[in-house]
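If you want the building blocks of each chain, they are given just below.
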Amino acid sequence: MIPVIPRPLDIELQAGHCRLGRPRIEAAAELEIESRRLSAGLSDGGDVDTNCSTTIRLALDPSVQHREGYRLSIQPAEIAIAALTQAGIAHGIQSLLQMVRGAAIENQPLPCCIIADQPRFPWRGLMMDVSRHFFDADQVCRMLDLMAMYKLNRFHWHLTDDQGWRLPVAKYPRLTEIGGFREGTLVGHDKDRPRRYDDRRYGGFYTVEDIRRVVAHAASLHITIVPEIDMPGHMQAAIAAYPHLGNTTAPISPRCHWGISQNILNPQESTVQFMEDVLAEVCDLFPGEFVHIGGDEALKHEWAESRSAQDRMLELGLKSEHEMQSWFIARMGAFLATRGRRLIGWDEILEGGVERLPQNAAVMSWRGMAGGIKAAAAKHDVVMTPTSHTYFDFYQAGPQGEPLAIGGMTTLEKVYGFDPIPPELETAHHGRILGGQGQLWAEYIPTPEHQLYMSFPRACALAEVLWSPKDARDWNHFVSRMRNHGELLGRLGVKTGPMPADA
Ligand code: TNX
């Protein structure tokens, strides 16, 4: 068996074996980064037989059809990876490295074969919340490396929330100075009463250099970053820093427990301007097509209670607070369009009417798939992120014996059974489903080690769901391919969650 995850599209096993030895890598100059990564990967791949020597050739090849596809050929004395793009070469290298490391663990030579591979979906993502708990640039880069290993290619970076603002904004420094720190953190579960806090100041934020380093590292791995500035709700930290963004005069500070804040941005033109300034800096820092503006869980009580918010609603000719949220989101979409970017938001951005959503905006469907189905039918691109299958902050086992989590239960097998194309979606709209992603909400994920524990092995299952053809999916086969991966991840310093028992 070829122990590659995600399972390749097509594998032709051949007679014979390849003993790698100390391979020579031949690659054109434009594959320099990939070639270096292959050589680094091989040197930590385990014991090599130094008596024989093979050549590994990397080459761009226009006959490979898919942008991210590759062909990997393993012959007794020569290995070749061909692809249309650098990204395709990088994916081929990851497959080869998994095979080499698996073979080293099992003390077996590589079987000769020809693999022809390409992804099912273009958006194969992982979302990291760095607000509830802060994860520094090194940890982000580490996660990017692990994502690349499994061919995940979208890193959704949830940079701001009620509990902490982590993005440096030159024009509004108080966002990080004030919004980046809270006075304490909840101890135990948010549902426990009375609530207890550790009373320790907690926080942090990235520097511009941190962001640049992460963006460059992601680019070298062919991962696109999708930065998120969550608005108009989930803005308590920003309102604490700049109270004129809010609806009341009550003093507030960044939130110390979890759950949904009542604080929401006010709908005044000055606030729109402020957020445009923030997004302008986001566009300067991040090169990707999409900018995520959140839009989730924006409670509307403050708008309902505020005289000036109600006046504004009238002035704009809007009939409800939901319509006002849609108006706000549309303003952000229009601004992003002036920068050549597209807006993406959580499915609440549909609540003021799908017709109010800018036509090129995309939707992330988290409250089940219904929002995604509706958006796709209205010709919006969709990323499927339902709580039922993709919330990696939920328990993966237990709960007895597992570290405290937010709740829920998303086992590895459940993730493996996810399909981003719901059966009720008409075939004509299938192309609107860009893919899916896993969510690492961090209320109950306090450390980098714990973040990796919650991510793996579930991210492996998700990677296969998003890359491999649907009819190639086979739980028992996956479980047997997973066998080496616990050890493989262990060698990279990842302590995973429970691994599947062998079938
Ligand atoms: C809902 S999913 C949220 C997050 C929480 C998460 C916890 C979404 C768009 N919003 O703010 O962290 O639940 O599972």
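Residues numbered from 1 in each chain as written. Predicted model: local features only at pLDDT ≥ 70, side-chain atom pairs only at ≥ 80, totals over all residues. Heavy atoms only, no water.

Draft legend 1. Fine view of the side chain of E276. With respect to the helices and strands, E276 occurs in helix α7 (residues 269-285). Sequence-distant contacts of E276, that is, excluding residues within four places in its chain, are made with R331, M332 and F335. (Helix = DSSP H or I, 4+ residues; strand = E, 2+ residues; numbered from the N terminus. Contact = heavy atoms within 4.5 Å.)

Draft legend 2. How the structure looks around helix α3 (residues 137-149). Along its 13 residues, α3 runs 19 Å from first to last C-alpha, staying within 8% of the 18 Å computed at 1.5 Å per residue. The buried fraction of α3 is high, at 10 of 13 residues. Every buried residue of α3 is listed here: A137, Q139, V140, C141, M143, L144, L146, M147, A148 and M149. For α3, the side-chain oxygen to backbone nitrogen distance between the N-cap and D138 is 3.2 Å, and the N-cap itself is D136. Backbone geometry just after α3 places K151 at a positive phi near 65 degrees. (Expected span 1.5 Å × (residues − 1). Buried < 20%, exposed > 50% of the residue type's maximum accessible area, 1.4 Å probe, protein only. Polar contact = N/O pair within 3.5 Å; in protein donor to acceptor, adjacent residues only side chain to side chain.)

Draft legend 3. Representation of the site of the ligand. Taken together, R132, H234, D296, E297, W346, W366, Y391, D393, I406, W441 and E443 make up all the residues around the ligand. Take E443: an N or O atom from its side chain is 2.6 Å from an oxygen atom of the ligand. Summarising the interface, the protein chains cover 93% of the accessible area of the ligand, which totals 360 Å² for the free molecule. Of the residues contributing to the shell around the ligand, the split by class is five nonpolar, one polar and five charged. (Near = heavy atom within 4 Å. Areas by Shrake-Rupley, 256 points an atom, 1.4 Å probe, with all protein chains shown as cover. Nonpolar A, V, L, I, M, F, W, Y, C, P; charged D, E, K, R; others polar.)

Draft legend 4. Region of interest: the pattern of salt bridges. Applying the stated criterion across every chain, the model contains 31 salt bridges. A salt bridge links E443 to R132, with the shortest nitrogen-to-oxygen separation between them at 3.4 Å. In this pair, E443 sits in the loop between β20 (433-440) and α14 (448-455) while R132 sits in the loop between β7 (123-129) and α3, placing the two residues 311 residues apart along the sequence. Accessibility classification places E443 together with R132 in one group, the buried group. Residues D277 and K171 are paired through a salt bridge, measuring 3.2 Å at the closest nitrogen-oxygen approach. Here K171 lies in the loop between β10 (164-165) and α4 (174-177) and D277 lies in helix α7, a separation of 106 residues in the sequence. With a relative accessible area of 12%, D277 lands in the buried category. (Salt bridge = Lys/Arg side-chain N within 4 Å of Asp/Glu carboxyl O.)

Draft legend 5. Here's a closer look at the sheet that holds strand β1 (residues 10-18). One open sheet holds the six strands; their spatial order is β1-β6-β4-β5-β3-β2, and the pairing between them is mixed. One side of each edge strand has no neighbouring strand; the edge strands of this open sheet are β1 and β2 (24-27). For this sheet the average axis-to-axis angle between neighbouring strands, irrespective of direction, equals 15 degrees. Bridge count between β1 and strand β6 (residues 110-117): six bridges; the pairing is antiparallel. The residue of β6 that forms the bridge with I11 is I115. (Pairing = 2+ DSSP bridges. Axes fitted to C-alpha atoms, helices over the stretch in contact; angles between N-to-C directions.)

Draft legend 6. Local environment of the side chain of H234. In this structure, H234 sits in the loop between β15 (224-231) and α6 (236-241). H234 sits in the buried class, given a relative accessible area of 3%. There is a polar contact of 3.1 Å between the side chain of H234 and the side chain of D296. If we ignore the near neighbours within four places in the chain, the residues touching H234 are R132, D161, D162, N263, D296 and E297.

Draft legend 7. Molecular detail of the pairing of strand β4 (residues 70-74). Here β4 lies mainly inside the structure; four of its five residues are buried. Here five bridges tie β4 to strand β5 (residues 78-83), and the two strands are oriented antiparallel to one another. Paired with L72 across the strands is I81, a residue of β5. Linking two consecutive strands that pair antiparallel, namely β4 and β5, is a turn of three residues. Here β4 pairs with β6 via five bridges, running antiparallel.

Draft legend 8. Broad picture of the packing of aromatic side chains. For the structure shown, the criterion picks out 18 aromatic pairs. Between W327 and F328, the aromatic rings sit 6.4 Å apart at their centres with planes inclined by 65 degrees, giving edge-to-face as the arrangement. Look at F328 and you get buried, because its relative accessible area is 1%. Residues W366 and Y391 carry aromatic rings whose centres are separated by 6.3 Å and whose planes lie at 15 degrees to one another, so their mutual orientation is stacked. With W366 in the loop between β18 (362-365) and α11 (370-377) and Y391 in the loop between α12 (387-390) and α13 (412-416), this pair connects stretches of sequence that are 25 residues apart. (Phe/Tyr/Trp six-rings, centres within 6.5 Å; stacked < 30°, edge-to-face > 60°.)

Draft legend 9. Up close: the packing of helix α2 (residues 86-106) against helix α16 (residues 475-491). Packing of α2 against α16 leaves a shortest axis separation of 10 Å and a crossing angle of 100 degrees. Compared by their axis directions, α2 and α16 come out roughly perpendicular. For the pair formed by α2 and α16, the contact residues are Q98, R101, G102, I105 and E106 on the first element and N484, H485, E487, L488 and R491 on the second. Residue classes in the contact of α2 with α16 are distributed as two nonpolar, four polar and four charged. (Parallel < 35°, antiparallel > 145°, perpendicular 65-115°, else oblique.)

Draft legend 10. Just helix α5 (residues 208-220), in detail. For α5, built from 13 residues, the straight-helix expectation of 18 Å at 1.5 Å per residue is met to within 8% by its first-to-last C-alpha distance of 18 Å. Within α5, burial applies to D210, I211, V214, V215, H217, A218 and S220. Those residues of α5 hidden inside the fold are in contact with α1 (32-43), α3, β8 (154-158), β15 and α7. Residue H222 follows α5 closely and has a positive phi angle near 65 degrees.

Draft legend 11. Seen up close, the packing of α3 against α5. Look at α3 against α5: their axes get within 10 Å of each other, and the N-to-C directions meet at 10 degrees. By the angle between their directions, the pair α3 and α5 is classed as roughly parallel. Residues A137, D138, V140, C141, L144 and D145 of α3 lie in contact with α5, whose contacting residues are D210, R213, V214, H217 and A218. Along the lines of polarity and charge, the residues of the contact of α3 with α5 split into six nonpolar, one polar and four charged.

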